[in-house]
Amino acid sequence: YAGKVAYTYKGEMPENTSIVLKDGTKVINEVAFYGCTSLVSITIPDSVTSIGDDAFRNCTSLASITIPGSVTSIGWCAFDSCTSLASVTIPDSVTSIDDYAFFNCRSLSSITIPANVTEIGEYAFGYYPAISLIEHNKYSNFTIYGYTGSAAETYANENDFTFISLGDAPKP
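Residues numbered from 1 in each chain as written. Predicted model: local features only at pLDDT ≥ 70, side-chain atom pairs only at ≥ 80, totals over all residues. Heavy atoms only, no water.

A.B. asks: Would you take a moment to explain the sheet that holds strand β9 (residues 110-112) for this structure?
C.D. replies: By way of backbone hydrogen bonds, the strands of a sheet pair with one another, either parallel or antiparallel. As summarised here, the arrangement of the 3 strands in space is β9-β13-β14, forming an open sheet in which the pairing is parallel. Only two strands of the sheet have a single partner each, and these edge strands are β9 and β14 (162-168). Geometrically, the sheet is characterised by an average inter-axis angle of 25° between neighbouring strands, direction not taken into account. For β9 and strand β13 (residues 143-148), the ladder comprises 3 bridges, and the chain directions are parallel. Looking across to β13, one finds that I111 is bridged to I144. On top of the sheet, helix α1 (residues 151-158) reaches β13 and β14; it is set at about 135° to β13, its chief contact. (Pairing = 2+ DSSP bridges. Helix = DSSP H or I, 4+ residues; strand = E, 2+ residues; numbered from the N terminus. Axes fitted to C-alpha atoms, helices over the stretch in contact; angles between N-to-C directions. Contact = heavy atoms within 4.5 Å.)

Okay, here's the thing in structure tokens:
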């Protein structure tokens, strides 16, 4: 497991750090890399099945993430405030994306959501905090790519985001 606050015990993370998690890692636990502002890239092995709550929250230098095809869930605030995050690849294996998972990712202008995702939590994509911190603002040009009749389309419609269909949702 990539455990709770994985780098705290090792001191300050050096600038422009890239991490390769060990093969066999099963879970990235909650707050494992919370606040690692110098983390620019991470390689997640195919053995990881879930990304926990706040796992990469405030990793402000993380520019892209490829989630492996073994991951089925992305936790609450997992990538919240990853302000440099401009590219995310979500695999077909993911079925749930929790509330605020990609909240305040101001460099992320679009997301492609696979048909297998059946649950998308509140403010998961396309939002940032308002001054009051009670309300949330929407990014005006945020686009969701997904399948007609899927959770992606429902989320886009409910939140008034641009939705671009990739076709009809595949039949199970």
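This is not the end of the story, as more comes after the structure.
A.B. asks: Before we go on, may I ask you to explain the nonpolar core in this structure?
C.D. replies: Within the largest apolar cluster, 50 residues are counted, with the highest numbers of intra-cluster contacts made by F33, F56, F79, F102 and F125. Only β3 (39-43) and α1 provide two or more residues apiece to this core. Those residues in contact with F79 that lie beyond four places of it in its chain are I51, F56, L62, I65, I67, I74, L85, A101, F102, F103 and C105. (Core = buried A, V, L, I, M, F, W, Y, C linked by side-chain atoms within 4.5 Å. Buried < 20%, exposed > 50% of the residue type's maximum accessible area, 1.4 Å probe, protein only.)

A.B. asks: Mind showing me how you'd approach the pairing of β14 here?
C.D. replies: Taken residue by residue, a regular strand's side chains alternate between the two faces of the sheet. Relative to β14, β13 runs parallel, the two being bridged by 5 bridges. Its bridge partner being in β14, T148 is matched across the sheet by D168. As for the winding sense of the linkage, the β-α-β connection from β13 through α1 to β14 is right-handed. (Right-handed = clockwise from strand over helix to strand, strands pointing away.)

Scope: geometric values only; no functional claims are made or implied.
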